[in-house]
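What follows is each chain in one-letter form.
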Amino acid sequence: MTVVPASTDVPAHPDTVPARADWRDTLREATDLALLGFAVALAALPVLTLAPALATASAALHDRAVTGAWPDVRTSLARFGRALPAGPAVSAVALAAAALLAADLVALATGRVPGGGPALALTAVVVAVLLGYAGLVAVAVGRTGGRGWGTAAREVARTCPQRPGVWAAASGVCALAVLLGVLVTPVAVPILGGYALAALHALDARHPVPAPDPS
């Protein structure tokens with residue numbers, strides 16, 4: 001009688017097979033990010049609350065990446081409240097810088113300032129680089145629970161030259177978000193904001209920078 005040797009292949013147990021994300025998971029994630037963008041837009045309506053809104057959203061995305069779950073409403077409201085004292089100053093500086101850069105771009109594009117195409121291209125690159133830096137600062141603030149703008153700005157300024165690829169990628173993400181924000185209908189702008197912030201967090205997760213201490 002011929003004995004057939006038992007197979008040495010052990011079938012994988014169903015519990016050990018990683019679950020594949022289907023279209024419902026993708027849709028749920030996209031919806032969550034869109035809602036996050038609208039929440040930021042709503043919280044930033046007073047204008048000077050833009051920085052606290054971004055800090056709270058960034059902290060929520062960090063929690064989502066670390067724990068797999070979004071923070072509860074009470075936690076987010078507490079973070080927003082803690083970010084409010086420094087929020088108006090940070091928001092004012094950021095908005096003033098954005099307004100000056102936008103005015104410079106418009107002046108070059110319309111010919112009111114000499115320089116032509118080369119000056120316009122150089123200014124656009126500078127704007128994209130600064131946007132990338134600002135985006136990485138927002139991510140760093142999210143890692144500390146929505147606090148520490150000053151420390152985050154210094155730490156990112158120190159680490160950006162050491163990680164030029166990350167800086168360039170962040171600049172590309174922010175520049176693309178701004179370009180699409182100009183092209184799409186205004187109601188879609190908050191959605192782009194949520195997606196862009198999530199993309200920056202995903203980029204940082206692949207190439208993390210040291211987390212700053214909250215100030």
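Note that the structure is predicted; figures quoted are calculated from it, not measured.

A. Focus on the overall build of the protein. For the protein, the count of helices and strands is 8 helices and 0 strands. Ordering the α and β elements of the protein from the N terminus gives α-α-α-α-α-α-α-α. Taken across its 215 residues, the protein has 31% of its residues classed as buried. Relative to all contacts within the protein whose residues are 6 or more apart in sequence, the contacts with residues 24 or more apart total 69%. With the model as given, the accessible surface of the protein reaches about 12900 Å², and the carbon-plus-sulfur share is 71%.

B. Just the pattern of salt bridges, in detail. Applying the stated criterion across every chain yields a total of 4 salt bridges. Taking the shortest distance from any N to any O, the salt bridge between Arg 158 and Glu 155 comes out at 2.6 Å. Pair noted here: Arg 158 and Glu 155 are both in helix H6 (residues 149-159), with a separation of 3 residues, about one helical turn.

C. Structural detail: the packing of helix H7 (residues 164-183) against helix H8 (residues 189-206). Packing of H7 against H8 brings their axes to within 10 Å, and their N-to-C directions diverge by 170°. Taken together, H7 and H8 sit at an angle that is classed as roughly antiparallel. Of the residues in H8, those in contact with Val 166, Ala 169, Ala 170, Val 173, Cys 174, Ala 177, Leu 180 and Gly 181 of H7 are Val 189, Leu 192, Ala 196, Ala 199, Leu 200 and Leu 203. When its residues are assigned to classes, the contact of H7 with H8 shows 13 nonpolar, 1 polar and no charged.

D. Geometry of helix H3 (residues 73-83). Of the positions making up H3, those classed as buried are Ser 76, Arg 79 and Ala 83. Considered in projection along H3, the buried side chains sweep an arc of 60° and stay on one side of the axis. H3 presents Val 73, Arg 74 and Leu 77 as exposed residues on the side facing more than 90 degrees away from its buried surface. On its buried face, H3 is in contact with helix H2 (50-67) and helix H4 (87-110).

E. Inspection of the nonpolar core at higher detail. Counting residues in hydrophobic clusters, the biggest one holds 16 residues, and the most contacted among them are Leu 136, Val 137, Val 141, Trp 149 and Val 156. Considering every element that reaches this core, the biggest residue donor is helix H5 (residues 116-142), with 5 residues. Not counting residues within four places of it along the chain, the set of residues in contact with Val 137 comprises Trp 149, Ala 152, Ala 153 and Val 156.

F. A look at the environment of Ala 205. One can find Ala 205 in helix H8. Among the residues examined, Ala 205 registers a relative accessible area of 57% and is labelled exposed. Along the sequence, Ala 205 and His 62 sit 143 residues apart, while their C-alpha atoms lie 9.4 Å from each other.

G. Layout of unusual backbone geometry. The backbone phi angle of Val 47 is positive, close to 75°, even though this residue is not glycine. Residue Val 47 is classed as partly exposed on the basis of its relative accessible area, which comes to 44%.

What counts and what doesn't
- Residues numbered from 1 in each chain as written.
- Predicted model: local features only at pLDDT ≥ 70, side-chain atom pairs only at ≥ 80, totals over all residues.
- Heavy atoms only, no water.
- Helix = DSSP H or I, 4+ residues; strand = E, 2+ residues; numbered from the N terminus.
- Buried < 20%, exposed > 50% of the residue type's maximum accessible area, 1.4 Å probe, protein only.
- Contact = heavy atoms within 4.5 Å.
- Areas by Shrake-Rupley, 256 points an atom, 1.4 Å probe, with all protein chains shown as cover.
- Salt bridge = Lys/Arg side-chain N within 4 Å of Asp/Glu carboxyl O.
- Axes fitted to C-alpha atoms, helices over the stretch in contact; angles between N-to-C directions.
- Parallel < 35°, antiparallel > 145°, perpendicular 65-115°, else oblique.
- Nonpolar A, V, L, I, M, F, W, Y, C, P; charged D, E, K, R; others polar.
- Arc of directions from axis to C-beta.
- Core = buried A, V, L, I, M, F, W, Y, C linked by side-chain atoms within 4.5 Å.

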